[in-house]
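Examination of the molecular architecture
Residues per chain, in single letters:
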Amino acid sequence: MEIKNVKGTHDIFGEETKIYDFLIDVFSHLCQRYGASHIIIPTIEHTELFQRGVGEGSDVVRKEMYTFEDKGGRLITLRPEFTAGIVRSFIQNKFYANDLPCRLFYHGSVFRYERPQQGRYRQFNQLGVEFLGSDNFLVDVETISLAFSFLKELGLDKNIVVKINSLGDLETRNRYRQALKDYFAQYLPDMCEDCQSRYELNPLRILDCKVDADRVYIEKAPSISTFLSPQSAQRFNDIIEALKQLEIPFEIDHTLVRGLDYYSEIVYEIHIKNANEGAIGAGGHYSTLIEELGGPKMSGVGFSFGLERLLSLFASKSDLASKVVESKIDIYVMPVGEGVHSQALKIAQYLRENNISADIYLEKTKLGNMFKKAQKRNAKFALIVGEDEIKNQTVQLKNLSTSEQKEVKLSDILKTLKE
Ligand code: AMP
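Now for a quick tour of the structure. (Residues numbered from 1 in each chain as written. Predicted model: local features only at pLDDT ≥ 70, side-chain atom pairs only at ≥ 80, totals over all residues. Heavy atoms only, no water.)

**Re the overall build of the chain**
Counting its secondary structure elements, the chain contains 16 helices and 16 strands. Relative to its length of 419 residues, the chain is extended, with a C-alpha radius of gyration of 27 Å against a globular reference of 22 Å. Seen along its three principal axes, the alpha-carbon backbone of the chain occupies a region of about 90 × 55 × 45 Å. Out of the 419 residues in the chain, the part that is buried amounts to 50%. Within the chain, contacts between residues separated by at least 24 positions form 68% of all contacts whose residues are at least 6 apart in sequence. By element, 48% of the accessible surface of the chain is carried by carbon and sulfur atoms, the whole surface being about 21400 Å². Of the charged side chains in the chain, 53 are positive and 59 negative; the average position of the first set lies 4 Å away from that of the second. (Helix = DSSP H or I, 4+ residues; strand = E, 2+ residues; numbered from the N terminus. Rg over C-alpha atoms; globule rule 2.2 N^0.38 Å. Buried < 20%, exposed > 50% of the residue type's maximum accessible area, 1.4 Å probe, protein only. Contact = heavy atoms within 4.5 Å. Areas by Shrake-Rupley, 256 points an atom, 1.4 Å probe, with all protein chains shown as cover. Lys, Arg positive; Asp, Glu negative; His and termini not counted. Charge placed at Lys NZ, Arg CZ, Asp CG, Glu CD.)

**What about the sheet that holds strand β3 (residues 67-69)?**
Across the sheet, 3 strands lie side by side as β2-β4-β3; this open sheet has antiparallel pairing. This sheet does not close on itself; its edge strands, each paired only once, are β2 (44-46) and β3. In this sheet, neighbouring strand axes are inclined to one another by 35 degrees on average, regardless of whether the strands run parallel or antiparallel. Taken together, the 3 bridges between β2 and strand β4 (residues 75-78) define a ladder with antiparallel strand orientation. Each residue of the ladder has a partner; that of histidine 46, found in β4, is isoleucine 76. (Pairing = 2+ DSSP bridges. Axes fitted to C-alpha atoms, helices over the stretch in contact; angles between N-to-C directions.)

**With respect to the pattern of salt bridges**
In total, this model carries 24 salt bridges according to the counting rule given. Here arginine 235 makes a salt bridge to aspartate 140, at a shortest N to O gap of 2.8 Å. In this pair, arginine 235 is assigned in helix α9 (residues 230-245) and aspartate 140 in helix α5 (residues 137-153), connecting sequence segments 95 residues apart. Each of the two residues, arginine 235 as well as aspartate 140, counts as buried. (Salt bridge = Lys/Arg side-chain N within 4 Å of Asp/Glu carboxyl O.)

Have a look at this one:
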């Protein structure tokens, strides 16, 4: 029986991989310009890291983690997100003893046992940053600016909206949590099962419920803006002013809460305008996570983008994709006749070693068929290697857009191609 991929996973190949690599390339270079360095952390961590870091009350920890016992009896989890692992590394490797904030960027797979649907996978890829070790509101702003610049470089800045909210400090959230409990108590019996368990574990998450019948109650719920402590309100205002100065467009959305429990103060999400799908990227500030995981009392801030969500945007906009995917190869090598194939292969190898992309047709077939293949591969030139050519140490070089053909000495190929 044929073995298929695991439900909720997917292969990325062909043109999509080119866009994928391009996204990572643009992001990595941009992060480096922001002074961030690349961090690669393990895919597996001790389960306790996420239980303590992401929070027992979060949906991710309650029902979405891939957890197993390894052969040594350790409880291990495939990372469902990057922040907890990066904070673990920050503490363990004492990055906090260096210049702060410590700016890190990452990309890689994450795993969540969610219900697979359009744009939602069980193994998906994220790219993002964590800026650790500073409580300055401007560091929060810097991450939003980086996320925005990334989308600008991709030509997407006009299609997106940055939504921001403040979850305030601990005092704010305690008071708001109580106010939400008081408000939702009367409607709870009519609300969905998820909301009922969120009511006990983390009532803020009720605001994130997508069930239509529940939205009626949620829309009338008290707003966090009236509960912000004076310090949190000031911080939120400072951030708003800085975003205006940087000309980063944003919308304030007081119902915005994040699924991961560690956030405090600013949280943000980036959505595609007029689209109903989930966010393409999201992030926020965390004040206590580093300390909770055994590190010093320091804050951090970070965001992550879903690579699959970005990929699907490119797929739906062919002008974007064509900008990225210049899939032309330089040369299509065509061996014609007997005993020329290994020589042709050697020529292809020589071209590749000299930074020229070359494809070669290795089966015996008519020249006409090879030209059809070359056309399909978008090759710029055909390089015909025949028996006479091998004898004379030459090749026929045909420009496939002008149809101009000339004989070129093997030793002159590179020079001719450069011309
Ligand atoms: P989060 O780590 O939950 O803040 O999510 C950050 C980003 O990852 C989201 O904005 C999405 O773009 C992406 N994402 C989250 N969950 C999934 C999923 N199950 N499948 C694909 N992308 C996802």
